[in-house]
Amino acid sequence: MRIEPFLTEQFFAEYEFSARYLLAPSDCETMSVGELLRLSGSSLEELGDLTLGYTESQGDPQLRSQISEMYTEVRSEDIVVLTSPVEGIYLAMQTLLEPEDEVIALRPAYDALNNVARHLCREVLAWNLVPGTKRWELDFDQLESIIGPQTRMLVVNFPHNPTGYVPSNSEFNRLIKLARKHNVWLFCDEIYRGLEFEPTIPSAADLYEKSIVLSGLSKTYGLPGLRAGWLVIRNRDLRDELINWKHYTTICPAGPTEFLARKALLVKENLAERSKAIIRQNLKLCEAFFARFPEHFIWRRPLAGSVAFIEVNLAKIGFESATAHCHHLAQNHGIVLLPGKCLGFDDTFVRLGLGRVGFQTALEAYATVISDKN
Ligand SMILES: Cc1ncc(COP(=O)(O)O)c(C=O)c1O
């Protein structure tokens, strides 16, 4: 069976490893294995002693116990360790969705959150984030008009890629209340959790028994090459069914990944603080950049996370679409910005990634291109 092209990954595959200026990645600055081991008080010898046998399908008990401590209502049995965060989207949807089902998914969204559901079931309705004058907004009237007994799953992602939106406590409670009222499974992708600058909402895993929460070490903790991810599923039957699906995909997590993930979780606060320090600095640069080009862009400051979604005045920058602008930038200036169309939104938006140390140089290169247009 065919599935829609994964536009974000295809766009990155074309440019990410050759371009000079990366302005779009959603992950935060990474580190070497040696740095991670030093930071966590471990040694290369310890890693060297690891044996490379099969591991437990559900994940190393010690790692699951460390993960469960990140939540209040979650036990280590509720965790399923994955072979990559993205695998969790496929597994959860494959386990839960049937061809006659209807799903509601926040839009824009990381491609897999929409496309896997569209591949598996009858209809995926978009719950649109709204670009307000100063910030992104959630439209609960729209959600209430489309949710109902026919809805099998509601798919959200907070902090949100690409807008950086996080609901307030009352919005999040309203969302959970609606899901509960309609007996809907809530798939909540929390892979950017920990990148908040204000006190924030609890995990959906702690609030709703029919939630499936996705998380991992790729974004907040800057370790995407580790491919460390997990699902929190408090419903036992669903968890068992999902682990059965996992036997058909990856069987068990990679031992070296689990080892390093355990080390990373020992110092998770330091890793998240390191990422947030970079993002804070880059947000300041953004404020200055968008103040300099008020006619070219609309800047809606992200509330959390490592990405921002920028509206482009195409007439002003002289392109027919954001996609054309992004290809031009990558091919002629070595600058990578992600077209919003890849994330299922209007072709007048681009995604900016705020988690990397090279951001200042990359933004200066972009400023030169924009200035030359005038
Ligand atoms: C919202 C969201 N979920 C899941 C993933 C997948 O993470 P990974 O690439 O580490 O598997 C991403 C990656 O960009 C993402 O943005």
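As a reminder, the structure under discussion sits directly above these lines.
Quick notes on the rules
- Residues numbered from 1 in each chain as written.
- Predicted model: local features only at pLDDT ≥ 70, side-chain atom pairs only at ≥ 80, totals over all residues.
- Heavy atoms only, no water.
- Patch = residues over 30% accessible without salt bridge, like charges linked within 9 Å, V, L, I, M, F, W, Y side chains within 5 Å.
- Areas by Shrake-Rupley, 256 points an atom, 1.4 Å probe, with all protein chains shown as cover.
- Salt bridge = Lys/Arg side-chain N within 4 Å of Asp/Glu carboxyl O.
- Lys, Arg positive; Asp, Glu negative; His and termini not counted.
- Charge placed at Lys NZ, Arg CZ, Asp CG, Glu CD.
- Helix = DSSP H or I, 4+ residues; strand = E, 2+ residues; numbered from the N terminus.
- Buried < 20%, exposed > 50% of the residue type's maximum accessible area, 1.4 Å probe, protein only.
- Pairing = 2+ DSSP bridges.
- Contact = heavy atoms within 4.5 Å.
- Near = heavy atom within 4 Å.
- Polar contact = N/O pair within 3.5 Å; in protein donor to acceptor, adjacent residues only side chain to side chain.

A. Inspection of a negative patch on the surface at higher detail. A contiguous patch of negative charge on the surface is contributed by E98, E100, D237 and E241. Relative to the assigned elements, E98 resides in the loop between α5 (85-96) and β3 (102-107). Here E98 falls in the partly exposed class, since its relative accessible area comes to 41%.

B. Representation of the pairing of strand β14 (residues 349-353) in the model. Among the five residues in β14, five count as buried, and that is most of the element. Residues of β14 alternate between two faces, with F349, R351 and G353 on one and V350 and L352 on the opposite face, all of them buried. Judged from the five bridges that link them, strand β11 (residues 307-312) and β14 form a sheet pairing that is antiparallel. Within β14, the residue paired with F309 across the bridge is R351.

C. Looking closely at the side chain of E258. Following the sequence through the fold, E258 ends up in helix α11 (residues 255-266). Buried within the structure, E258 lacks any salt-bridge partner; its nearest side chain of opposite charge belongs to R64, at an N-O separation of 6.8 Å. If we ignore the near neighbours within four places in the chain, the residues touching E258 are T55, G59, D60, L63, V81 and P253.

D. Focus on the site of the ligand. Every residue close to the ligand is listed here: S26, P85, V86, Y110, N157, N161, D189, I191, Y192, S218, K219 and R227. Contact between the ligand and V86: an oxygen atom at 2.9 Å from a main-chain N or O atom of the residue. For the ligand, an oxygen atom lies 2.7 Å from a polar atom in the side chain of Y192. For the ligand, whose free accessible area comes to 390 Å², the fraction covered by protein is 94%.

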